[in-house]
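Coordinates in review
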Amino acid sequence: MKLSVILGHPNPGSYNHAITACVLNTLAEMGHETFYHDLYAENFDPVLPHEEIADEDLLPEPVKRHINELKQAEGIVIVHPNWWGTPPAILKGWIDRVLRKGFAYRFDANGPVPYFTDKIVQIFSTSNTPRDVEINVNGDPLEGFWKTVVFGLCGSKSFERRNFESIILSTHEERLAWLDEVRKTISRRFISELP
């Protein structure tokens, strides 16, 4: 399989980077090909200029590269922290610029028509908010954002998200156990097809 792996965290020493390294290592061990982008390391520009909306010919090369890779990818893995109930701005800008109308979806007289119906989507997010507060007080806004707003519109029939919390209070042993869960999740969701 070909898979797109997107990381949105500015600190190279973060737990998000450890999750991403685990994802990439597991996919490599399974024999999959990955297109990997650390948005902060690559200094991805999250600002969507108006002219890009109107004219696809004006897309800069980095955006074209992301689109071309996603066209080939059978699955997408996104890793990011929960900041104010949303992904970081750089990742939101990636969505704005890359998951564009005409590529990830289109509209007809009956509404949106999705183009990502055959893509497997896995989100790994992290937060410092306790799980019961995230669900009972905040309503888990990231789940609705990714599952319904983004990949619901794009049509993914195979979506999962796992949030790890509370990062700030977690022990070394908990973090190791979470990485083992990441390995198992990737192995389950992106099963190698033997010849």
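The structure this text deals with has already been given above.
So, a few notes on the structure that sits alongside this text. Bear in mind that the values here come from a model prediction, so they are computed numbers and not experimental data.

**A few points about the overall build of the chain**
Of regular secondary structure, the chain possesses seven helices and seven strands. Principal-axis analysis of the C-alpha atoms gives the chain an extent of 50 × 45 × 35 Å. Looking at the chain as a whole, 48% of its 195 residues are labelled buried. Of all intrachain contacts in the chain linking residues separated by at least 6 positions in sequence, the fraction that spans at least 24 positions is 78%. Put simply, the chain shows about 9,900 Å² of open surface, and 54% of that area lies on carbon and sulfur atoms.

**Points about the side chain of lysine 119**
With respect to the element layout, lysine 119 can be found in the loop between β5 (111-114) and β6 (120-126). Put simply, lysine 119 is tucked away with no salt bridge, and the nearest opposite charge, on aspartate 118, sits 4.7 Å away. A distance of 2.8 Å separates a polar side-chain atom of lysine 119 from the backbone oxygen of leucine 70. Contact partners of lysine 119, with chain neighbours within four places excluded, come to Leu70, Lys71, Ala73, Glu74, Ile76, Ser156 and Ser158.

**With respect to the sheet that holds β6**
What the five strands build is an open sheet, ordered β2-β1-β3-β6-β7; its pairing is parallel. Pairing within the sheet leaves two strands with one partner each, and these edge strands are β2 (33-38) and β7 (158-164). Between one strand axis and the next, the sheet turns by 10° as a mean value, whatever way the strands run. Where β6 and β7 come together, seven bridges link them in parallel fashion. Counterpart to valine 121 in the pairing with β7 is phenylalanine 159.

**So, helix α3 (residues 61-72)**
With twelve residues, α3 should reach 16 Å at 1.5 Å per residue; the first-to-last C-alpha distance of 17 Å fits that figure. Summarising the contacts, the buried residues of α3 are in contact with β1 (2-7), β2, β3 (75-81) and α4 (89-98).

Parameters at a glance
Residues numbered from 1 in each chain as written. Predicted model: local features only at pLDDT ≥ 70, side-chain atom pairs only at ≥ 80, totals over all residues. Heavy atoms only, no water. Helix = DSSP H or I, 4+ residues; strand = E, 2+ residues; numbered from the N terminus. Buried < 20%, exposed > 50% of the residue type's maximum accessible area, 1.4 Å probe, protein only. Contact = heavy atoms within 4.5 Å. Areas by Shrake-Rupley, 256 points an atom, 1.4 Å probe, with all protein chains shown as cover. Lys, Arg positive; Asp, Glu negative; His and termini not counted. Salt bridge = Lys/Arg side-chain N within 4 Å of Asp/Glu carboxyl O. Polar contact = N/O pair within 3.5 Å; in protein donor to acceptor, adjacent residues only side chain to side chain. Pairing = 2+ DSSP bridges. Axes fitted to C-alpha atoms, helices over the stretch in contact; angles between N-to-C directions. Expected span 1.5 Å × (residues − 1).

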